[in-house]
Amino acid sequence: MKKFFSDKKKARGFKEFLYITPFLVLVLVFSYYPLYGWVYAFFDYRPPFPLTKETFVGLKWFQTMVGNEVRIKQLLMVLRNTFAMSGINLLFSWFPMIFAVFLNEIKCTPFKKVVQTVTTLPNFISWVLVYSIAYSVFNSTGVVNSIGMSLGLIEEPVMFLQSPDHIWFKMWLWNTWKNAGWAAIMYIAAISGIDEELIEAAKVDGASRMQTIWYITIPSILPTYFVLVMLNLANFLSNGMEQFYVFQNAFNKESIQVLDLYVYNLAMGNGGYSLSTAISIFKSIVSVVLLCATNKASKLIRGEGFI
């Protein structure tokens, strides 16, 4: 009898493993197989020639990152932009949580669904379309400048998109507009898991809606918030490239170029494939170290890690 249940349990475990096999294959193909490309960092690669015809240079490109004053200056500028934009995202990481809390407090269900839909939809449009919207609204001949000039509020167009002024904050605003609604979904799910008896007991004790939010709702979703903050810390050097690629121009390039965009421009613009690969390897190693450090900090602070 024990053998029967044991065999049945093994069969069920194997069946459940088959369910996740396609996802494991996707992870291997798109996340681990590309790591083979790291080999280009150790060759003087020039497309379209194969690696077998290229010269093996060892750690030459890693030494170039720290041995060339011009390259060091560029990297410092890029790291400054990367740290600034990641820092701003961390500083305002509470915004989707607060948005979810107040969205949950809307009692009119149709209005609540409209707000949630409108704020979530931007997540599903590409950054190219986002820039098209920004260009139509904030270009020198766009809606804002046209209305401002027609009303006599400004004498000449304001260069919202071309100007490097406050570019980090403007990038955060666009990123928040695009992703806040989607990020709030996780907090809404966490709020739905709060025990209703706690809320009912608070109402019986005479707690106001703000007191219920402050003493029950927010403390209940703080674990979710801390996990997401830890994950953001682990990805501190990863800002993505698409947003900054479409918004960059000759005027704001020095202030908007983050590490991911710098690697792309270095490879595609200057043909520095080997050097850009070396920088990507360095970034990946630092990200893994940050992930392990934040997981350790999570265990010390919260008593449990997230990996």
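Residues numbered from 1 in each chain as written. Predicted model: local features only at pLDDT ≥ 70, side-chain atom pairs only at ≥ 80, totals over all residues. Heavy atoms only, no water.

Trainee: Explain the pattern of salt bridges here, please?
Mentor: When the charged atoms of two side chains lie near each other, side chains of opposite charge can form a pair. Scanning all chains against the criterion turns up two salt bridges. Across the salt bridge formed by Glu105 and Arg209, the nearest N and O atoms sit 3.2 Å from each other. Taken together, the residues Glu105 in the loop between helix H4 (95-104) and helix H5 (109-120) and Arg209 in helix H10 (residues 209-234) connect sequence positions 104 residues apart. Judged by relative accessible area, Arg209 falls into the partly exposed class, the value being 47%. Measuring nitrogen to oxygen at the nearest pair gives 2.4 Å for the salt bridge that ties Asp260 to Lys283. Highlighted residues: Asp260 in helix H13 (residues 259-269) and Lys283 in helix H14 (residues 273-302), separated in sequence by 23 residues. Under the relative-accessibility criterion, Lys283 is labelled buried at 15%. (Salt bridge = Lys/Arg side-chain N within 4 Å of Asp/Glu carboxyl O. Helix = DSSP H or I, 4+ residues; strand = E, 2+ residues; numbered from the N terminus. Buried < 20%, exposed > 50% of the residue type's maximum accessible area, 1.4 Å probe, protein only.)

Trainee: Is there a simple way to think about the side chain of Ser86 in this case?
Mentor: Positionally, Ser86 belongs in helix H3 (residues 69-91). Residues in contact with Ser86, not counting those within four places in the same chain, are Phe236 and Asn239. (Contact = heavy atoms within 4.5 Å.)

Trainee: Even after reading the chapter, I still don't get helix H2 (residues 60-67), so can you show me in this structure?
Mentor: Structurally, the α-helix is built with 3.6 residues per turn, so residues lying three or four positions apart point the same way. Among all positions of H2, only Trp61, Phe62 and Met65 are buried. For H2, the angular spread of buried residues about the axis comes to 110°, placing them on one side. What points out from H2, more than 90 degrees from its buried face, is the exposed set Gln63 and Gly67. Buried residues in H2 make contact with H3 and H14. (Arc of directions from axis to C-beta.)

Trainee: Got a minute to help me understand the packing of aromatic side chains in this structure?
Mentor: Each aromatic ring pair is characterised by the separation of its centres together with the angle its planes make. For the structure on display, the rule yields 18 aromatic pairs. Ring geometry for Tyr131 versus Tyr135: centroids 6.2 Å apart, planes at 40°, classification tilted. With Tyr131 and Tyr135 both in helix H6 (residues 127-138) and four residues apart, the pair spans about one turn of that helix. In this structure Tyr135 comes out as partly exposed when scored by relative accessible area, which is 42%. Consider the rings of Trp174 and Trp177, whose centres lie 5.9 Å apart with planes at 90°: the pair is edge-to-face. Taken together, the residues span about one helical turn, with Trp174 and Trp177 both in helix H8 (residues 167-192) at a distance of three residues. Residue class for Trp177 comes out partly exposed when judged on its relative accessible area of 39%. Taken together, the ring pairs in this structure connect Tyr131, Tyr135, Phe138, Phe160, Trp174, Trp177 and Phe247 into an aromatic cluster. The cationic tip of Lys60 hangs over the ring face of Trp61; the distance from NZ or CZ to the ring centre is 4.6 Å. (Phe/Tyr/Trp six-rings, centres within 6.5 Å; stacked < 30°, edge-to-face > 60°. Lys NZ or Arg CZ within 6 Å of the ring centre and 35° of its normal.)

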